[in-house]
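Chain residues, written in single-letter form:
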Amino acid sequence: MSAIDDVFMRCAREERAAFIPFLMAGDPNLDLTGAFLDAAAAGGADIIELGVPFSDPIADGPTNQRATVRALQAGTKLSGILELVARRRDRLGVPIVLFTYFNPLHARGVERFAEQAAASGVDGVLCVDLPPEEGGRALVPALRAQGVDAIFLLSPTSTKERIDRVARASSGFIYYVSRTGVTGERTALPPDLAKDVKRLGKRADLPIAVGFGISTPAQVAAVGEAADGVVVGSALVRHLEENAGHPDLPALLEDRVRELSAPLRQKAERRRA
Amino acid sequence: MLIRSKPRPEPGYFGEFGGRFVPETLMAPLDELIRVYDRLSRTRAFRRRLADVLRDYVGRPTPLYFAERLSTELGGARIFLKREDLLHTGAHKINNAVGQCLLTREMGKERVIAETGAGQHGVATATAAAFLGLSCTVYMGSEDMRRQRLNVDRMRLLGAEVVPVDSGSRTLKDAINEALRDWVTHVRTTHYVLGSVLGPDPFPRMVRDFHRVIGDEARVQLKKQAGTDAPDLAVACVGGGSNSIGLFTAFLDDRRVRLIGVEAGGRGSRLGEHAARFHGGKTGVLHGTRTMVLQDDEGQIVETHSVSAGLDYPAIGPEHVWLQQQGRVEYTWASDAEAIDAFHLLARTEGILPALESAHAIAEAAKHAPRLSGKRILLVNLSGRGDKDVESVNDYDRMHAVAAAEAR
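The model shown is predicted, which means the values in this text are computed figures rather than measured ones.

(A) Geometry of the sheet that holds strand E7 (residues 161–165) of chain B. Residues and elements named next belong to chain B. Sheet architecture is open: four strands sit in the order E7-E6-E5-E8, paired in parallel fashion. Of all strands in the sheet, those bounded by a partner on one side alone are E7 and strand E8 (190–192). Going from strand to strand, the sheet's axes swing by 25° on average, the running direction of each strand aside. Pairing between strand E5 (residues 111–116) and E8: three bridges, direction parallel. When the bridges of E8 are listed, isoleucine 113 appears paired with tyrosine 192. With respect to the sheet, helix H8 (residues 172–186) is in contact with E5, strand E6 (135–141), E7 and E8, its orientation differing from that of E5 by roughly 160°.

Here is the structure:
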C-alpha cells in the first residue's frame, strides 16, 4: 500500500476528493519551490504534483511553457529536484508525484532514475509523453521494483481497450485529462466530464484524478463531485507569475491553495454534520 | 549448434528506434491513422489515385539529369541529379503532402496542419490542401519566417494560415511543438501532415513510403540512361531525412550501392553550432520518436544552427539511426560554407540554383567525384530548388565578404 493509496483511502473515508496542486520545480528557483511545497501542504494539498521542466513541453499551454523557461533559466536540473524532494518529503507528509516528459528520465537512464526517485522519497511518476505501450518497456518495471507508483493518463479520446491497458499499467491513481488539448485554464468545464469520469471509474479499479483546465473553486467543487482527485496547475503557476515581486510568495500560494481546496473539505464537513 | 533466432521487429520500430512517445490523447487517433494507412496503401484504387495525382498534378516522374559540366569541372565520376526541384512547388515535399492530404480526405477530416522549416513542406501542404479543398494551418518559427519570407507569402496566397512560433529557437523544432499542441487539441477534426520521417509511428514509415518513388524512378532511369541500375554512390542531405530515405530505399538491398547522408555541419563542431546528430547526438526521445537527438547531459534539447532552415533540427528520423547502426548508410556533414560554395558551383556550371538543403548533398558529391574514375556513377538527390534561398545566400556572401575585408 503506497502513500498515494493511503491518501485516496483517507479522502474516501472523508467522502471528498483529494486536492492535487501542480507546481513547476525551479520556477522561479528551487529554494522557493521548497517553500512552496510546505505552503501547498499547509494550504490543504493532499498530493503535490511537481513539474520537471523540459525544453520542449508539447503537452503544455503558454502558462506552463513560461514557467518551464523560467525554471530552465534558473538552472533547474532533475538531480536538484530529487535532492529537494529528499530534503522535504518526510517533513512534508504529503506524497509527491513528478510530472515530467520522458527525455530527461531517458537521458539519466530509467533504472538509475527509478532508484534515485525512490531514494529521494518520490511517491509517483507521471510521464505525459509516455503511453503504457512505451512505458511498459522499461520505466514501469523499474518504478515497480522500487515501489514507486507509475501513473498514466487517460483522455476523452481513449477507447475501451486503452482504458483497460492504462488501468493495468497504472498504480496509485489514473490521471484523466478533462479535454483534448494542452494544460491551461479554461472558463468552462466540458459538459460531459462527470459522465466520462463515471465511465472510466466503472472500467478502472483505481482512483481517478481529473486535470487540465480547472482553475476556480467552483470548478474544483464541480469536478470533486465526480472524481476522486482534482488537479489545479496553470492557475497556481499564473498566480505565482503575476505576483513575482511579492515579498511572501509562499503565503500567497498557501492562501490560494486553501481557497481552491476549501470546497472539497466544506462538502465533506456538511455531509458529516 | 546454437541457433539464435533474430528478434522479430516490433511494429513501429526500426531496431530500437521509433515508437510512439506521445500524450494519451493522440494514441487512439494514431491507431486509427495506422489502420487507415495500412488499408489504403494496399488498396489499388487509392494507389492509382495517388499515382494519377503525382503524374498529372505534381509532375512525376522527375528527370534524371546527367550534369556533364559539373562532372567535367570536378573531374571524375559522372554525376546524375535526380531533379526533385522540378516538381510542382519546387521540392520533393509535395510527394508526401498530397499522399497525406488524400489520406485526410479518406478519414473524413476537413482540416490539416503542418510544421515547416524552410517553408517547402508548408508550401507543399498548403498546395495539396487547396487542391483537395481542405483548410490548412502552418506553424513556422519566426526566425524561419524571416529567412524564408517568399515561402510565407506563397502559403498565404494558397489560402493557408501561417502561424508564427516565437518560443525556443524559433525554428523547425519549435514549429513542431506548436503543431503537436494544435493536433492534441483538434485531433478529432484535424490531420497533422508531418513533413518528414519523424514523429510517432506510422509517420516515419508512411512518409518514407510516399517518397520512395524518388529512388524507384531513379533506378529505372539510370538503367536506361547509364546502362546500370546501381550507381556507385548515392548522396542526399538529411534534415529529418525524408528526401534521403526516399532516394535510399530503392537501393538498400543492393550492396553495390554506397549510400551517404549529409547532415548540416553549420559553423562549428560545438554543440549548438550545427545540426549533425550523428556527430554529437545521443539516443533520446523527441517529438514522439526514440532516435538520435542533440541534447545536454540533463536530457534538455539543445538549439541547433544551419544556414539551411530545412536541416536546422536536433533529431533525425529513427530509420536513419537504424540504417547507420547496421552499417548500411554512412552519415557525414557539410558546413555552411561548403553548402554555400556548392550552391554557387551548381549555379555556375549547370544553371541550377539548388535549395541550400540540397546544396549540402552537392558539397558531399564534390568531395567524392574527383576521387572516382570517369566510369563511376554518382547519384545526387536534388531535393529542391533554391529560389527561396537567394536572399540567404546573398546575406551570407555579403557578411563574409565584409568579414574577409576586415580581416585584411
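There's plenty left to go through after this.
(B) The arrangement of the packing of aromatic side chains in detail. The tally for this structure, following the rule as stated, stands at 14 aromatic pairs over all chains. Ring plane angle 55° and centroid distance 6.3 Å describe the contact between tyrosine 192 of chain B and phenylalanine 203 of chain B, whose orientation is recorded as tilted. A residue pair is termed long-range when its members are at least 10 positions apart, and tyrosine 192 of chain B in strand E8 and phenylalanine 203 of chain B in helix H9 (residues 203–211) qualify at eleven residues. As far as burial versus exposure is concerned, tyrosine 192 of chain B and phenylalanine 203 of chain B are alike and both buried. Here a set of aromatic residues connected by ring pairs shows up, and it is made of Phe22, Phe99, Tyr175 and Phe212 of chain A.

(C) Quick look at the nonpolar core. If you look at the biggest cluster of nonpolar residues, it comprises 89 residues, and the most contacted ones within it are Phe173 and Tyr175 of chain A together with Trp183 of chain B. When residues no more than four places from it in sequence are discounted, the contact partners of tyrosine 175 of chain A are Glu49, Phe99, Leu126, Ile151, Phe152, Leu153, Leu154, Ala209, Gly211, Phe212 and Val231 of chain A. Counting residues in hydrophobic clusters, the runner-up holds 69 residues, among them Val85, Leu139, Ala227 and Val257 of chain A.

(D) Local environment of the packing of helix H1 (residues 24–40) of chain B against H8 of chain B. Residues and elements named next belong to chain B. At a minimum axis separation of 9 Å, H1 and H8 run at an interaxial angle of 75°. It follows that H1 is roughly perpendicular to H8 by the angle criterion. Across from Thr25, Leu26 and Leu30 in H1, the residues of H8 making contact are Leu180, Trp183 and Val184. Residue composition of the contact of H1 with H8, by class: five nonpolar, one polar and no charged.

Each value, and the rule that gives it
- Residues numbered from 1 in each chain as written.
- Chains lettered and ligands numbered in written order.
- Predicted model: local features only at pLDDT ≥ 70, side-chain atom pairs only at ≥ 80, totals over all residues.
- Heavy atoms only, no water.
- Pairing = 2+ DSSP bridges.
- Helix = DSSP H or I, 4+ residues; strand = E, 2+ residues; numbered from the N terminus.
- Axes fitted to C-alpha atoms, helices over the stretch in contact; angles between N-to-C directions.
- Contact = heavy atoms within 4.5 Å.
- Phe/Tyr/Trp six-rings, centres within 6.5 Å; stacked < 30°, edge-to-face > 60°.
- Buried < 20%, exposed > 50% of the residue type's maximum accessible area, 1.4 Å probe, protein only.
- Core = buried A, V, L, I, M, F, W, Y, C linked by side-chain atoms within 4.5 Å.
- Parallel < 35°, antiparallel > 145°, perpendicular 65-115°, else oblique.
- Nonpolar A, V, L, I, M, F, W, Y, C, P; charged D, E, K, R; others polar.

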